[in-house]
Each structure stands twice: as structure tokens, then as C-alpha cells.
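Observations on chain architecture
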Amino acid sequence: MVAAPEEIDTTIAAGLRAALLQAAAPGHRTLVVDMSRTQFCDSALNVLVRGHKRAQAEGDEVLLVIAAVTVLRIFAVTGIDHLIPTFPSLQEALAQALAVSGSPPLPAAALAWRPLPVGPGIR
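Sheet architecture is open: four strands sit in the order S1-S3-S5-S6, paired in parallel fashion. The open sheet has two edge strands with one neighbour each: strand S1 (2-3) and strand S6 (86-87). The sheet contact formed by S1 and strand S3 (residues 30-35) spans two bridges and is parallel. If you follow Ala3 over to S3, its bridge partner there is Asp34.

Shown next, in the form of C-alpha cells:
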């Protein structure tokens, strides 16, 4: 899982890309990007689209958690909401990830993954 920052813009795009690549380790079929804190996105959201396309090419998937109406609107206007599955809560995205993997549900403690930090200083 990757926890996205409050703002996704060109200043953090490289850090977000690095976090997505690190989280997409071999053997992980689904990557959940928790954007529940994200309130703003600009054209840097193409990092998510590229991550989604890379995951699809490898038979994997990316799921997004988006809570802010403003962010949902950007995804709807750009059509990305039809490209990458979105969920209103982390619980729903994790349930989908578990359903896709075919693995038995994880204990609650296992779901408390530590998100990878994303920020301007991380490359």
C-alpha cells in the first residue's frame, strides 16, 4: 500500500513514482494507493495512470482510495475513473484486493501495513 500526500503535483511526482515502484514488488498482485487524505491533484496524476498501465502489463492491478469530491471530479473529467478502479474507503479497497488475490482474509493486524512515505525530499 502507498499512502498518497494531501497534494499530488509536479513537486512530488518523482517521490510518488518511486514509492509506487517500491511497493509494486514481485509477488504482489494488487497495489492499493490510499488517496483518502489527498485534496488536490494536477497533471502529475499521470504517475498513477502510468503505474496502472505498468501493473496491467504484468498482470497486476492498482486500486485507488479517493474520498475528496474535488479529486473524484478530476478523475471523472479526465476519464481516469473508468480506467483505474476507485473506492471510497481503504476497507473496501483492501476487501477487493483480497477477493482478487484469492487469499483468505488477513487478520486485522496484518492489514495495518505501514504506508511508504511520499514527499518532495524522497526520490
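By secondary structure assignment, the location of Val100 is in helix H5 (residues 90-101). For Val100, a relative accessible area of 43% gives the class partly exposed. For the pair Val100 and Asp60, spaced 40 residues apart in the sequence, the C-alpha separation amounts to 9.9 Å.

The subject of this paragraph is empty space enclosed by the protein. One pass over the structure, following the stated rule, counts one cavity of 30 Å³ or more. Roughly 140 Å³ of volume is contained in the largest cavity. If you trace the largest cavity, you find 15 residues lining it, with Leu20, Ala24, Leu31, Gly51 and Ala55 closest to the centre. Residue assignment for the lining of the largest cavity shows that the elements contributing at least two residues are helix H1 (13-23), S3, helix H2 (46-57) and strand S5 (61-66). The class makeup of the residues in the lining of the largest cavity is eight nonpolar, three polar and four charged.

About the thresholds
- In every chain, residue numbers begin from 1 and rise along the written sequence.
- Per-residue local features are limited, in this predicted model, to residues with pLDDT of at least 70; the limit for side-chain atom pairs, both in listing and counting, is 80 or more; totals at the level of whole chains, interfaces and linings are taken over all residues.
- Side-chain numbers come from the whole structure's heavy atoms, not from hydrogens or water.
- Should DSSP find at least two bridges between two strands, the strands are taken to pair.
- Comment: elements are numbered from the N terminus, with helices defined as DSSP H or I runs of at least four residues and strands as E runs of at least two.
- Think of it in three bands: residues with accessible area under 20% of the maximum for their type are buried, residues over 50% are exposed, and the middle band is partly exposed, with areas taken using a 1.4 Å probe on protein chains only.
- The rule is simple: put a 1 Å grid over the protein atoms alone, call a set of points where a 1.4 Å probe fits but cannot get out a cavity, call an open set with protein on both sides within 12 Å along at least five of seven lines a pocket, and count a residue as lining if it has an atom within 4 Å of a point.
- Grid points are joined across faces, edges and corners, and a volume is the space filled by probe spheres set on the points.
- Amino acids outside the nonpolar list (Ala, Val, Leu, Ile, Met, Phe, Trp, Tyr, Cys, Pro) and the charged list (Asp, Glu, Lys, Arg) are all regarded as polar, and Gly is one of them.

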